[in-house]
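Residues per chain are reported as follows:
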Amino acid sequence: MNCSTEEAGPHLSSVTELQEMVPMLLFFFLPFLPLSFQVHSQLTSSPLPLAPALFVIGDSTVDCGTNNHLLTLARADRLPYGRDFDTRRPTGRFSNGRVVVDYLALRLKLPFVRPYLGLNGKVEELMRGVNYASAGAGVLFASGSDLGMHISLTEQMQQVRDTYERLELSLGEAEAADLFAKSIFYISIGSNDFIHYYFRNTTNVRSLFLPWEFNQLLVDTIKHELKNLYNLNARKVVVMGLPPIGCTPHYLWEYDSVYGDCVEQINNMIVQLNFAMTYMVHKLNLELHGATFTFCDTFEGSMDIFRNRDRYGFVSTTDACCGLGKYGGMVMCLFPEMACKNATNHVWWDEFHPTEAVNLILADDVWSGKHIDMCLPMNLRDMIAHKT
């Protein structure tokens, strides 16, 4: 349809009248609109972004389509994945709808961040942010290799460097450095190092590393990459801790949990890792001039949901909305017929991933600590306001 200014001119008065009616229409009808539309309407009232860009590094918790371009078993490019997303179509997100970074992009007044492998090569796309996350990726290069191709943390970091170099060539060194310094970097990775490596004892890894030694290996590797980000002039970085993996439907099924109790031996290892990560991020803030790194304890945020499920409106905290076997934890979501009708009252979407409803709660906590203060030393909203 042609929307030229010549055709629009004669109807200017009626368009103006319609624009004036929009606030009144929203006042009356907003309460009856879908949740995703309400959140989008509330968060996009200001046209000015709160940060130049959002750059996302991670695994399936934040993959928004990277693995659609790879030969891998870890794919979410078919229904019912994405059935409750804005487009009602699968996008590569491992959820029924949005993931955490989608909600954070809206709060930053930015568009949803596109996957690095899905960009068309224009530098203008890079200037609003990039999502490098790949399902199956781990902190360690070998993690997740049983699933097929994925972009590891090391490879994602190389993509970040390539992005910075392209921005330097197009904008100049000073402007590229300023863009990275003012942008938000979000890192969510590490689950696959346990799920697809340590717990499966791939390459006999448990004989090489005791649990605390393996945790320290992960912390040291992430610390190294955070310093690499800093050397690329990244100054505002959100580092997400690991969720309670021992509460996922998969491990409830695998360990034959009788009453849906979480697997403590798994969760204890995750708690110890998150504690070490908190201390590591604190030390980096002291060592790196101008760094504003924050650690968000996803484990604590998730446990708050489990403890207060009635307040949050969840009926099930154990069963996957989409899956087979006890707790729906035997296999991942394969067909639309496997999914429950209403995912909003489920904590888990499939054997490992939370529903959109949980992602919204966690995003609220990362942004402002709305439900629980899970980020140290500050939440993302305070990070935006913080002067380095």
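An account of the accompanying structure is given in this report. (Residues numbered from 1 in each chain as written. Predicted model: local features only at pLDDT ≥ 70, side-chain atom pairs only at ≥ 80, totals over all residues. Heavy atoms only, no water.)

**Observations concerning the overall build of the protein chain**
Stated formally: Here a strand is any run of E in DSSP of at least two residues, a helix any run of H or I of at least four, and the numbering for each starts at the N terminus. Only protein chains enter the accessibility calculation, which uses a 1.4 Å probe; a residue whose area is less than 20% of its type maximum is buried, one above 50% is exposed, and one in between is partly exposed. What makes two residues a contact is simply this: any of their non-hydrogen atoms within 4.5 Å.
Across its full length, the protein chain holds 16 helices and eight strands. Sorting the 388 residues of the protein chain into buried and exposed places 55% on the buried side. Considering only intrachain contacts with a sequence separation of at least 6, the fraction spanning at least 24 residues in the protein chain is 70%.

**Brief notes about the side chain of His 150**
Here is the rule we go by: Pairing of N or O atoms within 3.5 Å defines a polar contact, subject to two protein rules: one partner must be a possible hydrogen donor and the other a possible acceptor, and residues neighboring in sequence count only if both atoms are side-chain atoms.
With respect to the helices and strands, the residue His 150 is situated in the loop between strand S2 (129-131) and helix H6 (153-171). Taking the relative accessible area as the measure of exposure, His 150 reaches 13% and is therefore buried. A distance of 3.2 Å separates the side chain of His 150 from the backbone oxygen of Ser 143, its partner in a polar contact. Polar side-chain contacts of His 150 include one of 3.4 Å to the backbone oxygen of Gly 148. Dropping the residues within four chain positions of it, His 150 is found in contact with Leu 70, Ser 134, Ala 135, Gly 136, Ala 137, Phe 141, Ser 143, Gly 144, Ser 145 and Glu 155.

**Some remarks on a nonpolar patch on the surface**
Rule in force here: The residues that make up patches have over 30% relative accessible area and no salt bridge, and they are joined within 9 Å when like-charged or within 5 Å when they are Val, Leu, Ile, Met, Phe, Trp or Tyr. Per-residue accessibility takes into account occlusion by the displayed protein chains alone, with areas from the Shrake-Rupley method and a 1.4 Å probe. Salt bridges are identified by distance alone: a Lys or Arg side-chain nitrogen within 4 Å of an Asp or Glu carboxyl oxygen.
Residues Trp 253, Leu 324 and Met 330 make up a contiguous nonpolar surface patch of roughly 260 Å² in combined accessible area. Here Leu 324 lies in the loop between strand S6 (316-320) and strand S7 (346-348).

**Describing H6**
The condition is simple: Here the expected span of a helix is defined as 1.5 Å times the quantity of residues minus one.
With 19 residues, H6 extends 26 Å between its outermost C-alpha atoms, agreeing within 8% with the 27 Å of an ideal straight helix rising 1.5 Å per residue. Where the residues of H6 are buried, they touch strand S1 (54-58), helix H5 (123-126), helix H7 (173-182), strand S3 (184-188) and helix H10 (211-231). A positive phi of about 100 degrees marks Gly 172, the residue just after H6.

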